[in-house]
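Working through the structure, step by step
Each chain, written out:
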Amino acid sequence: MAEGVVAVTETRKATAESAAKRRRRMPVPIVMCCALLGIVVVMVVFGPLLTPHDPGAQNALAGSAGPSAEHWLGTDALGRDVFSRVIAGARSAILGPLLIAVATMVCGNLLGLLSGYRGGLADFVIMRWVDLMVAMPALLVIIVVAGALDGGYWMAVALLTVLSIPFDARVIRAAALEQNPRPYVEAAKTLGVADRRIMFFHIWPNIAATAFANTFLLFAGALIALSGLSFLGLGAEPGTPDWGQMLSENQALLFANPIASIAPGLAIVLAATATNLVGDWTFEKISSRGATR
């Protein structure tokens, strides 16, 4: 009888350990997304060393050529190697959205925590500013301002950052409000813990999953928005290797060399999709561990 109980206990223990290993194991789609993002990071960091041709070198005699052994993705209307330009274009396509996402996370988290935790006048002022910014059509404002000021890539990055902060602040405020009445916050207040410490060392770790997931979402949105602005001529300078700019330059080649437009467009879609999926998985992973109260 005792041996049977021990066997059942060991079986249950083995089953629990197996289930825990399965939960820790990264799903195949997420592995593929991480691999894709890793390739993009390599292109951003080592792009100039990986391009088989000079991204800006023109060859009028080889313009609008299809894929070949020398030019894997063909050439554009000016004879520039599309494959080399896709690799080189990753830097401007990714660095701007990354800067937007990081700056938005820092500023949005600060404003959201302050508004959600302190309440009162601080909450009123911050949220009225958020309501004003959210009410404005972001892309239309960027198009008008960037067009009027003849702004370039960094002007678009700055405008997207300013207009993205209110969305992050609103999400973090809602998460902080949900945590504010929890017993661990009340206990910290009773013990005389400083407000700054409560916000950053008690509340924020419990909303970190939301903060990181929202940052991934903001990065993907900024990638698409910035590429769209480059497509309209309000982002990267003409001739610059940039995925959005390449879409604009090569749209006339859909019948001569369609891959010249498909390649940068596919790069934008895959990078944004992979980022969103990794963000969702990160949220689930952090949330499943449970926050330390």
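These remarks concern the structure in this document. (Residues numbered from 1 in each chain as written. Predicted model: local features only at pLDDT ≥ 70, side-chain atom pairs only at ≥ 80, totals over all residues. Heavy atoms only, no water.)

Each helix and strand counted, the protein chain has 11 helices and zero strands in total. Compactness check: the protein chain gives a C-alpha radius of gyration of 24 Å against a globular reference of 19 Å for 293 residues, more than 25% above the reference. Along the first, second and third principal axes, the C-alpha set of the protein chain runs to 80 × 65 × 30 Å. Of all 293 residues assigned to the protein chain, the portion counted as buried reaches 40%. For the protein chain, contacts bridging at least 24 residues in sequence account for 72% of all contacts bridging at least 6. (Helix = DSSP H or I, 4+ residues; strand = E, 2+ residues; numbered from the N terminus. Rg over C-alpha atoms; globule rule 2.2 N^0.38 Å. Buried < 20%, exposed > 50% of the residue type's maximum accessible area, 1.4 Å probe, protein only. Contact = heavy atoms within 4.5 Å.)

Our focus in this paragraph is a nonpolar patch on the surface. Nonpolar side chains collect at one region of the surface, where Leu95, Leu98, Val102, Val106, Leu110, Phe200 and Phe201 lie side by side and expose about 610 Å² of accessible area between them. Elements supplying a minimum of two residues to the nonpolar patch: helix H3 (82-118) and helix H8 (195-206). Counting residues per element, the nonpolar patch draws most heavily on H3, at five residues. Within the secondary structure, Val102 sits in helix H3. Residue classification places Val102 among the partly exposed residues on the basis of a relative accessible area of 44%. (Patch = residues over 30% accessible without salt bridge, like charges linked within 9 Å, V, L, I, M, F, W, Y side chains within 5 Å. Areas by Shrake-Rupley, 256 points an atom, 1.4 Å probe, with all protein chains shown as cover. Salt bridge = Lys/Arg side-chain N within 4 Å of Asp/Glu carboxyl O.)

With that settled, consider the pattern of salt bridges. This model, assessed by the stated rule, comprises eight salt bridges. In this structure, the salt-bridge partner of Arg80 is Glu249, at a minimum N-O distance of 3.3 Å. Here Arg80, found in the loop between helix H2 (28-50) and H3, pairs with Glu249, found in helix H10 (residues 243-250); they are 169 residues apart in sequence, far enough to count as distant. Taking the relative accessible area as the measure of exposure, Arg80 reaches 7% and is therefore buried. The salt bridge involving Arg173 is made with Asp123; its shortest N-O contact spans 2.7 Å. Residue Arg173 is located in helix H6 (residues 153-179), and its partner Asp123 is located in helix H4 (residues 120-135); the two are separated by 50 residues in the primary sequence. Residue Asp123 is classed as buried on the basis of its relative accessible area of 15%. Among the charged side chains, a salt-bridge network with shared partners connects Asp76, Arg80, Arg85 and Glu249.

Glancing now at H10. Those residues of H10 that sit buried are Trp243, Gly244, Gln245, Met246 and Asn250. Buried-residue contacts for H10 involve H2, H3, helix H9 (208-231) and helix H11 (259-289). Measuring from the backbone nitrogen of Gly244 back to the side-chain oxygen at the start of H10 gives 3.0 Å, which picks out Asp242 as the cap. (Polar contact = N/O pair within 3.5 Å; in protein donor to acceptor, adjacent residues only side chain to side chain.)

For the rest of this paragraph, the subject is unusual backbone geometry. In this model, Ser64 sits at a positive phi of 60 degrees, which is unusual for a non-glycine residue. Tracing the sequence through the fold places Ser64 in the loop between H2 and H3. Residue Ser64 is classed as partly exposed on the basis of its relative accessible area of 27%.

This part covers the environment of Met155. Tracing the chain through its elements places Met155 in helix H6. Residues Met155 and Gly235 lie 80 residues apart in sequence; the distance between their C-alpha atoms is 7.9 Å. Aside from chain neighbours lying at most four places away, what touches Met155 is Ala146 and Leu149.

This next bit is on the nonpolar core. Among the nonpolar cores identified, the biggest contains 23 residues, and Met43, Val82, Val86, Ile94, Leu223 and Trp243 are the most heavily contacted of them. Those elements giving two or more residues to this core turn out to be H2, H3, H9, H10 and H11. The element that contributes the greatest number of residues to this core is H3, accounting for seven residues. With residues up to four places along the chain from it excluded, the contact list for Ile94 reads Val40, Val44, Phe219, Leu223 and Trp243. Formed by 16 residues, the second largest nonpolar core is a distinct cluster that contains Ala146, Leu163, Leu229 and Leu234. (Core = buried A, V, L, I, M, F, W, Y, C linked by side-chain atoms within 4.5 Å.)

Glancing now at helix H7 (residues 183-190). In an α-helix, one turn spans 3.6 residues; hence positions three or four apart end up facing the same way. Along H7, the residues that are buried comprise Tyr184, Val185 and Ala188. Within H7, the buried residues cover an arc of 100 degrees as seen down the axis, which keeps them to one side. In this structure, H7 carries Pro183 and Thr190 as exposed residues pointing more than 90 degrees from its buried face. Those residues of H7 hidden inside the fold are in contact with H3, H6 and H8. In the segment just after H7, Gly192 is the residue with positive phi, at about 80 degrees. (Arc of directions from axis to C-beta.)

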